[in-house]
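Each chain is listed here by its residues.
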Amino acid sequence: MKRLHSDLSLLFVLGFFTLFSNVCSDLVISKLDRQIDLSSQIVRFTTSLKVENNGAEAVSKVLLPYPESQAKNLAFLSVTITEGKGKTKTSSDRLYVDVSHPEGMPPSLTWYAVSLPKEVSKGGSLTLEVKAVFTHLLTPFPEKITQADAQLVAFQDSAHYLSPYAVKIQSLTVKLPEPKVESYTRLENTKFSGSEIKYGPYENIPPFSLPTIVVHFVSNKPFSVAQELVREIEISHWGNVQVTENYNLVHAGAELKGEFSRLDYQARPHVRGASALSSLVARLPARAHSIYYRDEIGNISTSNVYSDSAKTLLEIEPRYPMFGGWRTAFTIGYGLPLQDFLFKSEGKRFLDITFGCPMNDIVIENLIVKVVLPEGSNDISVVAPFSIKETRETKLSHLDIAGRPVIVLEKTNVVPEHNQNFQVYYRFSSFSLLREPLMLVFGFFLFFIACIAYVHADFTISKSSPSYIAKLQWDEVQTAIQQFQNIMNRVLVIHNKLEASLRDLSRTGDVQACKAARKTADAFLKELTKESKPLLSFLQSSPQALQITPKVDELVIKERELQEKLMLKHSMVVDSYEKKSGGRDIDNRVAAVQQKITLLRQEVDDLLEVIDEI
Amino acid sequence: MAPSAKPISSPVPDAWYPTLAVLLLAFGLVITASFFIYEATSSRKNRNLAKELTTGAVASVFLGFGSLFLLLSSGVYV
C-alpha cells in the first residue's frame, strides 16, 4: 500500500500551489462533473467542465494539469466543446492540446494547454468535455493470488478535481466492474450504490485541494497487455490487403501463486480461474477472408469466425487459459478486399485503414504498424490523427527485384481509442502492375531459349568417331526425307485443289476457270517434281537411307500414277462439259478412273504414313 | 477522406482468377508441348529458329500470365 500513497505527498505541496493559483484565477469552473470508469484495466476519465471567464481579458487557453503518476500513463486525451444537454448534446471537433510548462507551476505536474477555437471573452462561458484514457493505473492488491481467489485491485485519485482554477460545484462518480468493494475512502457526501461510488457535490473548492480517495475493489476482467504487437499491412494491387498481426501477450493482473489445476479450472472456470484470460474477440472488417490463427508450432484450432455484412468477428482462445503473469505469443492474419481500403484522389493513391489492434480491451505497450507498399511506389506520405514515430525500410517478397517500400509506424501505450483510420498516400503507376507477370513471362522465355540452345548445340567431344559421323549422315537423310514429305504433302494439296475445281465446274459450269486451275496446278506440280529430284538422287546415293529408299521410290511411282489418272479424269470431265454431255454420262465415263484414283490415293497416304514412322 | 476519392480495385475481378489460371495454363502447356514436339522431331537442318522463338515466346506469355493467376487464386498476392 506504500506505493499507493506516494501521491499523498502532493498534499504537502498544496500550500505551495495556492501561492501560484492567482496566475490563472481569471477563469472559474462553475460546474464540473467527473466520471471515472474502472470497469476494465483501461481507466477512462470523462470530465465535463463549464468554464467561465470572470477576468477582464479574453482567454484562449485552458490548462489541464495531471499529476506525474497519471501523466506518464496517459494514453489518450481528447477535448471537445459540447453544447446542449441530453439528446440535443453536440460535440465539436477535437481541440488542439499541447504539453505546456506554465511559469511558476510546480514541475511535479504535467500541464496540457487546450487551445480554444474562439476566445472566451469577459463573462463568457463554455462547456468542455475532456476524455482521458490511462493504462496501468490499477494496481493489483494483493499482488499474488491463488487460482481460486478473486482479483482485487486498488485505484487512487483525488476526490476533488485537480485544477489551477477555482471550482464552484463538482461531483465525482466512480464506476466499478462489479458491485463488490473491499474498501473505499469515505468522505462527506459519499454514496455507494450498485456498482457506483459517488463523491459530492462539493461546493466552492479552492484550486489544488486534493483529498485522496482509494478504492479497493474486485475486478476479474483479465488484464491483457500486448507487450509488442507488430501489424503488417501488405498491399497488392491485384486485389488484396493482407494484414498479419504478431501478438506478444501477457496477463498483467495479479500473479498466480501456487499451482494451477487444469481439472479445477475445467470444472468451474468462473470460480477457479475467474480472472483468467480464456478468449479474445477480434472485430475484423467486413468481407475479411483467409483468416488464420497460429503460433510458432502451428495452427491453433480453438477459434471461431462469425461474419455479417458489417463486420467479421474472430473469436480466439489461447492454447491455455492465461493467469496473472503468464504470457503467450501468436499470430493472426487475414485478407481484405482492396476496394474497401485503397482509394485514388488527385493522382495519388491512398490506403485508409485502422491503426490500432482489432481486439477490445487490450493495452498495447509497443505497437508497430508496417505498411508494405507495392514495388515501384514513390512519393510516400503518412497522415495520422495523432503523433507517430515514422521510419522507412524495404522488404523483399515474392517476385521482387529492388524490394518493397515499407513505412514503419511506432507508438507506445496504445488503447482502443487509437483505433482510428490513418492514411498512407503514394504514387504508383499502373504499368508497374505488369512487372510481376512480365518477370514470369521472361523467366519462362529464358527456359525456352535454354531448350533451343541445348537442342542446337553440339556436345560431342570426338568429332571424328564413326558413330558421330553416322549420326550426322542419318541427320542428313532425315532432313532429305522430311523435305520430301513436305513436297509430297504439297503435291497432295494440289491434287485436292484440282478435285475442288472439278466440283466447282459441276456447280457453276465455268469451263474457263477450271482450265485455268489446271494450268496453275500443272506449273506447280512441275516445279515440285523439279524440287524433289536432288532429294531423291541424294536418298538413292546415301547408304544410310537403304531401308527407306524402296518405300520412297514406290511412293514416287504411285504418286505419278495418281497424278496421271487425276489429269485424265480432269481432261475427261472438262471435255464432256465442253461437249455439253449430261451429268450421268460424265459420271459413267469417269467411274472407272475415279475408282483407280481412290485406290491410289489410299496407297499414297499409307506410304506417307510408313515413311513418317521411320 | 476526400469526397473525390475513388476506390481502387484489381484490374481483373478476383472471381476470374481460377478460371483464367486454368485456361491460360492449359493453352500455354499445349503450345509448350508443340514446341517440344517440334524440337524433338524436326531434324537439325530443317529447324527454323524464328519458328522456335515465336512458339517459345507465345508459350511463355501464356505460361507467365497463367502462373500469375495461379499464384493469385491460391492466395499468394504478388
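Residues numbered from 1 in each chain as written. Chains lettered and ligands numbered in written order. Predicted model: local features only at pLDDT ≥ 70, side-chain atom pairs only at ≥ 80, totals over all residues. Heavy atoms only, no water.

1. As for the nonpolar core
Residues and elements named next belong to chain A. Trp238, Phe330, Ile332 and Met359 are the most contacted members of the largest nonpolar core, which has 59 residues in total. Here Ile332 is in contact with Val243, Thr244, Glu245, Tyr247, Ala282, Tyr292, Tyr293, Leu314, Ile316 and Met359, once residues within four sequence places are set aside. Grouped together as the second largest cluster of nonpolar side chains are 56 residues, Leu74, Leu77, Leu137 and Tyr161 included. (Core = buried A, V, L, I, M, F, W, Y, C linked by side-chain atoms within 4.5 Å. Buried < 20%, exposed > 50% of the residue type's maximum accessible area, 1.4 Å probe, protein only. Contact = heavy atoms within 4.5 Å.)

2. Details of the UniProt feature "transmembrane region" (unreviewed entry) in chain A
The UniProt record marks residues 438–457 of chain A with the feature "transmembrane region" (unreviewed entry), using the residue numbering of this structure. Secondary structure across residues 438–457 of chain A comprises 95% helix and 0% strand; the distance between its end C-alpha atoms is 28 Å. (UniProt positions renumbered as here; feature names shortened; annotations may be inferred. Helix = DSSP H or I, 4+ residues; strand = E, 2+ residues; numbered from the N terminus.)

3. Considerations on the pattern of salt bridges
Opposite charge on two side chains allows them to pair when their charged atoms are near. Residue and element names in this part refer to chain A. What the rule picks out here adds up to 25 salt bridges over all chains. Across the pair Glu531 and Arg490 runs a salt bridge whose closest N-O atoms are separated by 3.8 Å. On the criterion of sequence distance, the pair formed by Glu531 in helix H7 (residues 511–541) and Arg490 in helix H6 (residues 466–508) is long-range, its members being 41 residues apart. Of the charged contacts in the structure, one is a salt bridge between Arg601 and Asp605, with a shortest N-O distance of 3.9 Å. One end of the pair, Arg601, and the other, Asp605, are both in helix H9 (residues 583–613), 4 residues apart, so they sit about a helical turn from each other. By relative accessible area, Asp605 is classed as partly exposed at 30%. (Salt bridge = Lys/Arg side-chain N within 4 Å of Asp/Glu carboxyl O.)

4. Some points on the interface of chain A and chain B
Across the contact, 40 residues belong to chain A and 43 residues belong to chain B. Both sides of the chain A and chain B interface together cover about 3,600 Å² of buried area, and 68% of this is carbon and sulfur. It is Trp238, Phe448 and Ile452 of chain A in chain A that bury the most area against chain B; as a group they hold 19% of the surface buried on that side. Across the contact surface, chain A and chain B share 0 salt bridges. Here chain A and chain B share 10 residue pairs in polar contact (both at pLDDT 80 or more) between them. At the level of secondary structure, the elements contributing two or more residues to the side of chain A that touches chain B comprise strand S26 (342–345), strand S27 (348–354), helix H5 (435–456) and H6 of chain A. Among the elements that take part in the side of chain A that touches chain B, H5 of chain A stands out by supplying 13 residues, more than any other. When grouped by side-chain class, the residues that make up the side of chain A that touches chain B number 20 nonpolar, 12 polar and 8 charged. Where S26 of chain A meets strand S1 (residues 6–7) of chain B, 2 bridges bridge the pair, whose relative direction is antiparallel. (Buried area = accessible area lost by both parts, 1.4 Å probe. Polar contact = N/O pair within 3.5 Å; in protein donor to acceptor, adjacent residues only side chain to side chain. Nonpolar A, V, L, I, M, F, W, Y, C, P; charged D, E, K, R; others polar. Pairing = 2+ DSSP bridges.)

5. Quick notes on a negative patch on the surface
On the surface, Asp606, Glu609, Asp612 and Glu613 of chain A cluster together into a patch of negative charge. Mapped onto the fold, Glu609 of chain A is located in helix H9. (Patch = residues over 30% accessible without salt bridge, like charges linked within 9 Å, V, L, I, M, F, W, Y side chains within 5 Å. Areas by Shrake-Rupley, 256 points an atom, 1.4 Å probe, with all protein chains shown as cover. Lys, Arg positive; Asp, Glu negative; His and termini not counted. Charge placed at Lys NZ, Arg CZ, Asp CG, Glu CD.)

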